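# Architecture and fold: a report
Residue strings, one per chain:
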Amino acid sequence: MSENPYLTLVLGGARSGKSAYAERLIAAHPAPWTYIATADILDDEMRARVDAHRARRGESWRTIEAPQTLVDAIGAAPSDRPLLIDCLTLWLSNRLLADADLSCDRAALIHALSRRAAPTVAVSSEVGLSIVPDNALARAFRDSAGELHQAISRIAGRVVLVVAGNPLTAKGPPIF
């Protein structure tokens, strides 16, 4: 599969600034913008995080909630408008806990992202830089996240790692 020059993968740790950075990338293009949210809001703490993200984005964003149906949501998003997906690892966690076929899900996601012909930014948490998890579910998640990131990196025109709010370009031309 060939590279998609419209696709940027933004990776980073928890609270690294990756979402705010991705929002700035998309907001550099004319509105309206589409935001695909993959969080499954299960408690007050997650509700507060989601509310903070929504407040930061403002009214120019159209939000599609897709904790399980990310590929369908990408297909439903306007194909000629900027798209932000936040966050792939939340979606992956949701799919893993739903006992989904992650290999099929990954292939479908790669296909959907490769077809995008407008600025598209996918945000994901880099979870493979720490210790080996002590349980099978956590190891499966870490491994699946690494496989997903590598697959998307192969087709992305740009890959950026955000560290302490600083974007470090790992692939493609550097941008702000």
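Report on the accompanying structure. Residues take numbers from 1 onward in each chain, read along the sequence in its written order. Reporting of local features is limited, given that this is a predicted model, to residues whose pLDDT is at least 70; pairs of side-chain atoms are given and counted only at 80 or more, and all residues count toward the totals for whole chains, interfaces and linings. Side-chain metrics rest on all non-hydrogen atoms present in the structure, leaving aside hydrogens and water.

### So, the sheet that holds strand β5 (residues 120-125)
- Strand pairing follows a simple DSSP-based rule, namely that at least 2 bridges must link the two strands. Labels follow the DSSP assignment, with helices taken as runs of H or I lasting at least four residues and strands as runs of E lasting at least two, numbered in each case from the N terminus. Here 7 strands make up an open sheet; going across it, the order is β3-β2-β4-β5-β1-β6-β7 and the pairing mixed. In this open sheet, the two edge strands, each paired with only one partner strand, are β3 (61-65) and β7 (166-171). The mean inter-strand angle of the sheet, taken between neighbouring strand axes irrespective of direction, is 20 degrees.
- Two strands pair when backbone bridges link them, and strand β1 (residues 4-12) and strand β6 (residues 156-163) are joined in this way by 6 bridges, in the parallel orientation. Every axis in this analysis is a line fitted to C-alpha atoms, fitted for helices over the stretch in contact. Angles between the N-to-C directions lie between 0 and 180 degrees.

### What to know about empty space enclosed by the protein
- Cavity and pocket criteria rest on a 1 Å grid covering protein atoms alone: a 1.4 Å probe that fits but cannot get out defines a cavity, protein on both sides within 12 Å along at least 5 of 7 lines defines an open pocket, and an atom within 4 Å of a point defines a lining residue. Grid points are joined across faces, edges and corners, and a volume is the space filled by probe spheres set on the points. Applying the stated criterion to the full structure yields 1 cavity of 30 Å³ or more.
- There is about 40 Å³ of room inside the largest cavity.
- Lining the largest cavity are W91, L92, L102, D105, R106, S144 and L148.
- Residue assignment for the lining of the largest cavity shows that the elements contributing at least two residues are α4 (88-97), α5 (102-114) and α6 (136-155).
- Ranked by the residues each element gives to the lining of the largest cavity, the list is headed by α5, at 3 residues.
- When residues are grouped by polarity, Ala, Val, Leu, Ile, Met, Phe, Trp, Tyr, Cys and Pro land in nonpolar, Asp, Glu, Lys and Arg in charged, and all others, Gly among them, in polar. Class assignment for the residues of the lining of the largest cavity results in 4 nonpolar, 1 polar and 2 charged.

### Some remarks on the nonpolar core
- To form a nonpolar core, buried Ala, Val, Leu, Ile, Met, Phe, Trp, Tyr and Cys residues must be joined to one another through side-chain atoms within 4.5 Å. Buried residues are those whose accessible area, probed at 1.4 Å on protein chains only, stays under 20% of the maximum for their type, while exposed residues exceed 50% and partly exposed ones sit between those limits. Core analysis: the biggest nonpolar cluster contains 30 residues, and I36, I74, I85, L88, L109 and I152 have the highest contact counts within it.
- Secondary-structure elements contributing two or more residues to this core are β1, α3 (70-76), β4 (83-86), α4, α5, α6 and β6.
- The element contributing the most residues to this core is α6, with 6 residues.
- Between two residues, a contact is recorded if the distance between any of their heavy atoms is within 4.5 Å. Setting aside its immediate chain neighbours within four residues, L88 contacts L9, L70, L109, A122, V123, S124, L148 and I152.

### Section: the side chain of S144
- Locating S144 in the fold gives a position in helix α6.
- Here a polar contact means two N or O atoms within 3.5 Å. Within protein one must be a hydrogen donor candidate and the other an acceptor candidate, and residues neighboring in sequence count only if both atoms are side-chain atoms. Within polar-contact distance, the side chain of S144 engages the backbone oxygen of A140 at 2.9 Å.
- Ignoring sequence-local partners within four residues, the contact set of S144 consists of L92 and L102.

### Quick word on the pairing of β5
- Of all 6 residues that make up β5, 6 are buried, and the element is covered over most of its length.
- Of the two faces of β5, the one carrying T120, A122 and S124 and the one carrying V121, V123 and S125 are both buried.
- Here β1 runs beside β5; their pairing, made up of 6 bridges, is parallel. In the strand pairing of β5, T8 is matched with V121.

### Structural notes on the layout of surface pockets
- In this model, the largest pocket occupies a volume close to 650 Å³.
- Among the elements that make up the lining of the largest pocket, the one with the highest residue count is helix α2 (residues 44-57) (10 residues).
- Of the residues that constitute the lining of the largest pocket, the class distribution is 13 nonpolar, 9 polar and 10 charged.
- In this structure, the second largest pocket occupies an estimated 160 Å³ of space.
- If you trace the second largest pocket, you find 13 residues lining it, with T8, L25, H29, P119 and R158 closest to the centre.

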